[in-house]
Amino acid sequence: MLERARVVPDGPGPDRSGAGSRRWRGSRLLLAGVVLLLLLQLAVRIWMVSRRGLYGDDLHYGVRALELPLFSADLLLEQHGGHFMPGALLMDALLTRVAPLEWWPLAAALIVLQAVASLVVLRLLRLLVGDRAVLLLPFAVYLFSPLNLGFFAWWSAAMNSLPLQIGLAWVLGDAVQFLRTGRRRYVVTGTVAVAVTLLFYERAVLVPLVAFGLVAVLLSVGRPGMALGEAWRRCRPLWLGCLGVVAVWLWAFTSSVPSEVVGSATVSQVAGTTQATLRAPLSSLLGGPWAWTSGPPDTPHIAPPGALVVAAVLALGVLVVWTSVRREGAGALWMLLGGYLLAGAVLVALGRGIFGTGELLPLTYRYHAGEVVLLAVVLGLVAVLPRRGSGAAPLDVDEPARTDDRHGTPARVAVLVLTGAFLVSSLVSTVTYVDLWGEHRTTDYLATVEASMAGAADGEPLLDQPVAEDVLNGLFYPSNQMFRLFEPLPQRPEFAEATHDLRMLDDAGQLRPARVEPGIELADGPEPSCGWAVPSGGTVSAALDGPVFDWVWTAELAYEADRDGVITVSLGSDSVSAPVRQGQHTVYVRLVGGGDALVVGSEADGPDLCLSSGVVGNIALR
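Scoring rules and cut-offs
- Residues numbered from 1 in each chain as written.
- Predicted model: local features only at pLDDT ≥ 70, side-chain atom pairs only at ≥ 80, totals over all residues.
- Heavy atoms only, no water.
- Axes fitted to C-alpha atoms, helices over the stretch in contact; angles between N-to-C directions.
- Helix = DSSP H or I, 4+ residues; strand = E, 2+ residues; numbered from the N terminus.
- Left-handed = near helix turned anticlockwise from the far one by under 90°.
- Contact = heavy atoms within 4.5 Å.
- Nonpolar A, V, L, I, M, F, W, Y, C, P; charged D, E, K, R; others polar.
- Disulfide = S-S within 2.5 Å.
- Buried < 20%, exposed > 50% of the residue type's maximum accessible area, 1.4 Å probe, protein only.
- Parallel < 35°, antiparallel > 145°, perpendicular 65-115°, else oblique.
- Pairing = 2+ DSSP bridges.
- Polar contact = N/O pair within 3.5 Å; in protein donor to acceptor, adjacent residues only side chain to side chain.

Engineer: Explain the packing of helix α10 (residues 207-220) against helix α11 (residues 227-234) to me, please; I cannot follow it from the model alone.
Structural biologist: Interhelical geometry of α10 versus α11 gives an angle of 115 degrees and a closest axis separation of 8 Å. Classified by chirality, the crossing of α11 by α10 is right-handed. For the pair formed by α10 and α11, the contact residues are Phe 212, Val 215, Ala 216, Leu 219 and Ser 220 on the first element and Ala 227, Leu 228, Glu 230, Ala 231, Trp 232 and Arg 234 on the second. Its residues placed into classes, the contact of α10 with α11 shows eight nonpolar, one polar and two charged.

See the structure below:
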C-alpha cells in the first residue's frame, strides 16, 4: 500500500523529500471533491449563522468589552467560570466595538475562523495521508461532524473552540514537518502557535502532549524499540519551546484563576461529568444524534435514538479491533485519541462539575473541538498504515504517503459511499439542531427592545431594571441590567435614577407603563395640609411604616413643588438626585439600600416641597 521507505536518518535532516511542498499531487477529480466539501461546509456554516444571533454570555462579554479599556487587565485577565482566555476576550472586544449589540461582526468572524480551521486541518491531513482518495473521508468527518455544532452556533463557545482547532492542527502539522525536514522555522511557528492557542482556551495545554504522542506513533510503526525517546530526541527543540510556553502560561493561569474555581468539584461530580463527556460523542461517529432536545443551560442537548448509539458503539468497536489487528501502529493511534478524550473530559469535569449540570453540559457538544481534529487524523492514518505481517517497510516519516491508491476502484467507491453516508447523516443532525436553536428568542427580544426604545427616544428617562431572565440571567449581574446592556443603542431614552414616567420592558422587550407594587408605605407626615414638608435648602427624614432590607427598590413619591428644581432622596447609604416640577406630580426613584426612612432634601435655592404620600417596593407592569 505504501511505497517502500528509505532508511530513516538518525535525526532530522534537510528537506530532500519535498515533504514541505504545498503543490497538489493528486488527481483533478479528487481536488474537485476536496474543494466541493470545503464549499459545502462554508455554505452550511453561513446558513447556520444566518439563523443565529447574540445569546447569553455573548451579551455579558459585550457589556464588559464596552465598559472596560481594551487592553486592561480587568477585561483580559478576568477569569470567567474557570476560563482564562485573554486572546478570546480581546477578539470579542474588538468585534463588539465595530458594531455593539450587532450579530454580523461575530457571524463574519465565525465564518473566517471556520475557513481557516478547515484549511489548516486539510494541510495536516495532506501531510499525513497524502493527496489520495482516502483523504475525503477523514476530511468530511472533520468538516461536518455534529461534534462541531455545539460550539459553532454560540459565539462565546466558538471564540475558544475554533482557535483550539486551528492551533491543534497547526502544531501537529509543524511537528510532522519538523520531524521530516529539520527546518527550524517549524520550531518557531509551532511554539508560537501553542502560545497563541493558550490565549484562547486553557485546553490548549494538551496540544504539545498530543503532538508528542503523534510523533511517537509515527516513529513506532514497524520499528521495535522505544519510540518515546526517539520522538523526544528528533523534535527536542520544539518540545522545549512548548514546555517553556506552557510554564509561563501556568504561572499566568494560576495567578488569575482562583484554585477554588477549578478544584472544588466533588469526586462524584468529577466522575459523573467525566463519564458523560466520554459517552456523549458516540452517536456523532455515525453523523448523529439526528435529534436534539432543550435542557439546562437552555441550549440543544443530544437525544439520539438508542439504535443509533448501539450501532455507533458496534461500528467503533469493530473499527478499533480490526485496524489494531491489521495495521501497524493503529492500536497506538486509538490510544492517543482515547487518552486525549479522557484528559479533556477530566478538565471539563474539574471546571464544570461543581455547577450541578455537569452531566448535562457534555450533551451540548461544546467540549469536543479538539477531539474532532484528532479523530480525523486517526481515521486518515489508519487507512495508510502498513499491514501487519505484510513485510512492508516501516512508515516513512520523512515524506507524506504516496498519492496512488493500490486498492483500486472498489476502495475508492467505498470511500465515496462512506463519505456520502456520513455527510447525509450529519446534515440531518445539523438541520434539526439549528431548528431547535430557532426556538430561542434572544434575537427577537433584542430587536423589539431596539425598536421600542427608538420610538420612545424623546420621552422621559428610564429607570434601570434587569432584562428578561431567559435572555441574560441574574448570575451575570450587573451585565443583565438595562443601563449597561442597552447603553450602546443609538436611539433610546436617557437612563437615569429618577423619572416622572415609570415604564419597564415586558417579557417580549416592549416598553410599557409600569407601577410600584404595594410595598412599604410612607408614614403620614406631621403637617396636615402638606404631609412631609421639605424646605428649600433643608432635609426631612420621612418615616416608613416598616423597615426594608437591603435591595434594589423603587420609591414612588407624590409631591407638590412651588417651582422646578432638584431634590435628593436617600435610603440607607444610597442617595439619588431627582428632578421635580412645579405643581403636583409623582416622581419615581431607584434606590439600592435598606432602612426605615427616606431622607429627602432640597438644594439651596431649590423648591419648597410637600410629600403627600409614597411607597417603596418593586415595579410591575400596569
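Engineer: Would you mind going over the state of the cysteines with me for this structure?
Structural biologist: Simply put, the disulfide is a covalent bond whose two ends are the sulfur atoms of two cysteines. As enumerated under the stated definition, the model contains one disulfide in all. Covalently, Cys 530 is tied to Cys 610 through a disulfide, its sulfur atoms 2.0 Å apart. One quick way to see it: the torsion about the S-S bond of Cys 530 and Cys 610 is about -110 degrees, and its sign makes the bridge left-handed. Of this pair, Cys 530 sits in the loop between β8 (520-521) and β9 (532-534) while Cys 610 is found in strand β14 (residues 609-617), placing the two residues 80 residues apart along the sequence. Of the residues examined, Cys 530 reaches a relative accessible area of 11% and is grouped as buried. For Cys 610, a relative accessible area of 25% gives the class partly exposed. Free cysteine: Cys 235, not disulfide-bonded; nearest cysteine sulfur from Cys 242 at 10 Å. Here Cys 235 falls in the buried class, since its relative accessible area comes to 0%.

Engineer: Got a minute to help me understand the side chain of Thr 442 in this structure?
Structural biologist: Relative to the elements of secondary structure, Thr 442 occurs in helix α19 (residues 442-455). In this structure Thr 442 comes out as buried when scored by relative accessible area, which is 4%. For Thr 442, the contacting residues outside a window of four places in its chain are Leu 54, Tyr 55, Leu 59, Asp 470 and Val 471.

Engineer: How should I be thinking about the packing of helix α8 (residues 155-181) against helix α9 (residues 185-198) in this particular structure?
Structural biologist: When two helices pack together, their arrangement is captured by the angle between the axes and the distance separating the axes. The contact between α8 and α9 brings their axes to 9 Å, and the two run at 160 degrees. When the axes of α8 and α9 are compared, the pair comes out roughly antiparallel. Here α8 and α9 pass one another in a crossing that is left-handed. For the pair α8 and α9, the contacting residues are Pro 163, Leu 164, Gly 167, Trp 170, Val 171, Asp 174, Gln 177, Phe 178 and Thr 181 in the first and Tyr 186, Val 187, Thr 189, Gly 190, Ala 193, Val 194 and Thr 197 in the second.

Engineer: Sorry if this is basic, but what is going on with the sheet that holds strand β6 (residues 503-505) here?
Structural biologist: Hydrogen bonding along the main chain pairs the strands of a sheet, whether they run parallel or antiparallel. Taken together, three strands build an open sheet; the order of strands is β6-β7-β15 and the sheet is antiparallel. The open sheet has two edge strands with one neighbour each: β6 and β15 (619-621). When the angles between neighbouring strand axes are averaged without regard to direction, this sheet yields 55 degrees. Of the pairings in the sheet, the one linking β6 to strand β7 (residues 511-516) comprises three bridges and is antiparallel in character. Across the sheet, the residue bridging to Arg 503 is Pro 513, located in β7.

Engineer: Any chance you could explain the environment of Ser 72 here in plain terms?
Structural biologist: Tracing the backbone through its elements, the reader meets Ser 72 in the loop between α2 (57-67) and α3 (73-76). Looking at Ser 72, the relative accessible area reads 14%, which means it is buried. Distance in space between the C-alpha atoms of Ser 72 and Gln 481 is 23 Å, their sequence separation being 409 residues. Among the polar contacts made by the side chain of Ser 72, one reaches the main-chain carbonyl oxygen of Pro 69 at a distance of 2.8 Å.

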